[in-house]
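# Chain and residue survey
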Amino acid sequence: MTATGTGTYTPKPGAAPLPRMIAAQAALETKMLLRNGEQLLLTVVIPTLLLVLFSTVDIVDTGAGEAVDFLAPGILALAVMSTAFTGQAIATGFERRYGVLKRLASSPLPRWGLMTAKTVSVLVTEMLQVILLTVIAFALGWSPQGNPIAVLLLLVLGTAAFSGLGLLMAGTLKAEATLAAANLVFLLLLVGGGVIVPLDKFPPGAQDVLGLLPISALSDGLRDVLQHGAGMPWGDLAILAVWAVVGLAAAGKFFRWE
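Residues numbered from 1 in each chain as written. Predicted model: local features only at pLDDT ≥ 70, side-chain atom pairs only at ≥ 80, totals over all residues. Heavy atoms only, no water.

A few words on the nonpolar core. Ranked by internal contacts, the top residues of the largest apolar core, which has 47 residues, are Leu-51, Leu-78, Met-81, Phe-162, Leu-218 and Leu-222. Of all the secondary structure elements, the ones that give two or more residues to this core are helix 2 (37-56), helix 3 (67-97), helix 5 (111-139), helix 6 (148-172), helix 7 (175-192), helix 9 (214-226) and helix 10 (234-254). Tallying contributions element by element places helix 3 first for this core, with 16 residues. Dropping the residues within four chain positions of it, Phe-162 is found in contact with Val-80, Met-81, Ala-84, Phe-85, Pro-214, Ile-215 and Leu-218. In terms of nonpolar packing, the next biggest core, distinct from the first, is built from 12 residues, Met-21, Leu-114, Met-115 and Leu-167 among them. (Core = buried A, V, L, I, M, F, W, Y, C linked by side-chain atoms within 4.5 Å. Buried < 20%, exposed > 50% of the residue type's maximum accessible area, 1.4 Å probe, protein only. Helix = DSSP H or I, 4+ residues; strand = E, 2+ residues; numbered from the N terminus. Contact = heavy atoms within 4.5 Å.)

Right, dumping it as structure tokens:
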């Protein structure tokens, strides 16, 4: 509203500033994600239970040292995948099915702004996950080390890689197919992505293939830094960067809003 005289106002129509629209949409996306029971199961409950269970019960041979030192980096990688890929794919897929994306695309918020808001929501959720899992891991005796900048780069590139793949799946498959495929991929990568079971437990040929997966690159990179104190894991960062570029480019090209 603008003042035209003492006590007199006239409407000032128009869209809110773009940063404010993106922030409001990101806050809404985050609230919806955290209120969804299935999303909370994927993003909070399952990673927490896996961390506590496999750190306290001798089920899998994680090599020398404390089990939590091996498991915590892998569980952090799993948390990124559960939010940026599985959760985002399922939520976006059903938003597309019910016409939510079509309606939002016709609003003053541009499509790239909507995707930016979704990305911000993913990052906020991941930040909460990392804090929670880190506190639990410390309580279990975790002793991390290494360069925090390397950890941050791994998490950001991992988020970009999984986000692109999740949006690609949500924008090309039907919602029901996305639900089934995203959960199946989650389970397969949980077992074969070096999260809980070390990759060296697999046959040599399988190790070479599995090591190129984004979850393997993220978990191994985090483990090299946080468990072994390695420097910048350039190889794992390169794998994640390739997945991020390919996934986001494919999502941008093939994503269908209707």
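Looking now at the UniProt feature "transmembrane region" (unreviewed entry) in the protein chain. The UniProt record annotates "transmembrane region" (unreviewed entry) at residues 40-60, 72-94, 120-143, 149-170, 177-199 and 237-255. End-to-end, the C-alpha atoms of residues 72-94 are 32 Å apart, and along that stretch the chain is 100% helix and 0% strand. Structurally, residues 120-143 comprises 83% helix and 0% strand, and the distance from its first C-alpha atom to its last is 29 Å. (UniProt positions renumbered as here; feature names shortened; annotations may be inferred.)

We now examine the packing of helix 6 against helix 10. The N-to-C vectors of helix 6 and helix 10 enclose an angle of 30 degrees; their axes lie 7 Å apart at closest approach. As far as their axial angle goes, helix 10 and helix 6 are roughly parallel. Seen from above, helix 6 lies across helix 10 with left-handed handedness. Every residue of helix 10 that contacts helix 6 at Leu-153, Leu-154, Leu-157, Gly-158, Ala-160, Ala-161, Gly-164, Leu-165, Leu-167, Leu-168, Gly-171 and Thr-172 is listed here: Asp-236, Leu-237, Leu-240, Ala-241, Trp-243, Ala-244, Gly-247, Leu-248, Ala-250, Ala-251 and Phe-254. (Axes fitted to C-alpha atoms, helices over the stretch in contact; angles between N-to-C directions. Parallel < 35°, antiparallel > 145°, perpendicular 65-115°, else oblique. Left-handed = near helix turned anticlockwise from the far one by under 90°.)

Moving on: the side chain of Thr-86. Relative to the helices and strands, Thr-86 is located in helix 3. The buried category is assigned to Thr-86, whose relative accessible area is 0%. Apart from the residues within four sequence positions on either side, Thr-86 is in contact with Leu-42, Met-81, Ala-182, Asn-183 and Phe-186.

With 13 residues, helix 9 should reach 18 Å at 1.5 Å per residue; the first-to-last C-alpha distance of 18 Å fits that figure. Most of helix 9 is tucked away, with 11 of its 13 residues classed as buried. Of all the positions in helix 9, only Pro-214, Ile-215, Ser-216, Ala-217, Leu-218, Ser-219, Gly-221, Leu-222, Arg-223, Val-225 and Leu-226 are classed as buried. Looking at the packing, one finds that the buried side of helix 9 touches helix 3, helix 6, helix 7, helix 8 (204-210) and helix 10. (Expected span 1.5 Å × (residues − 1).)

Summed over all chains, the structure comprises one cavity of 30 Å³ or more. Of the volumes computed, that of the largest cavity is approximately 30 Å³. Lining the largest cavity are Leu-51, Ala-72, Ile-75, Leu-76, Leu-133, Thr-134, Ala-137 and Trp-142. Taken together, the elements giving at least two residues each to the lining of the largest cavity come down to helix 3 and helix 5. Looking at the lining of the largest cavity residue by residue, the classes come out as seven nonpolar, one polar and no charged. (1 Å grid on protein atoms, 1.4 Å probe; cavity = no way out; pocket = protein on both sides within 12 Å on 5 of 7 lines; lining within 4 Å. Points joined across faces, edges and corners; volume = space filled by probe spheres on them. Nonpolar A, V, L, I, M, F, W, Y, C, P; charged D, E, K, R; others polar.)

Time to look at helix 3. The end-to-end C-alpha separation of helix 3 is 43 Å, in line with the 45 Å expected for 31 residues at 1.5 Å each. Its axis deflected by about 35 degrees at Ser-82, helix 3 carries its strongest bend there. Burial of helix 3 is extensive: 28 of the 31 residues sit out of reach of the surface. Just downstream of helix 3 lies Gly-99, where phi reads positive at about 85 degrees. (Bend = angle between axes of the 7 residues up to and from the residue.)

Close contact between helix 3 and helix 6 brings their axes to 8 Å; oriented N to C, the two are set at 25 degrees. Here helix 6 runs roughly parallel to helix 3, going by the angle between their axes. When you trace helix 3 past helix 6, the crossing you get is right-handed. Residues Val-80, Met-81, Ala-84, Phe-85, Gln-88, Ala-89, Thr-92, Gly-93 and Arg-96 of helix 3 pack against Leu-155, Gly-158, Thr-159, Phe-162, Ser-163, Leu-165, Gly-166, Leu-167, Met-169, Ala-170, Gly-171 and Thr-172 of helix 6. In the contact of helix 3 with helix 6, the residues fall into 11 nonpolar, nine polar and one charged.

For the coordinates displayed, the defined rule picks out three salt bridges. A salt bridge links Arg-223 to Asp-220; the nearest nitrogen and oxygen atoms lie 3.4 Å apart. On the criterion of helical spacing, the pair formed by Arg-223 and Asp-220 is a turn pair, its members being three residues apart in helix 9. Residue Arg-223 is classed as buried on the basis of its relative accessible area of 5%. A relative accessible area of 23% means that Asp-220 is categorised as partly exposed. (Salt bridge = Lys/Arg side-chain N within 4 Å of Asp/Glu carboxyl O.)

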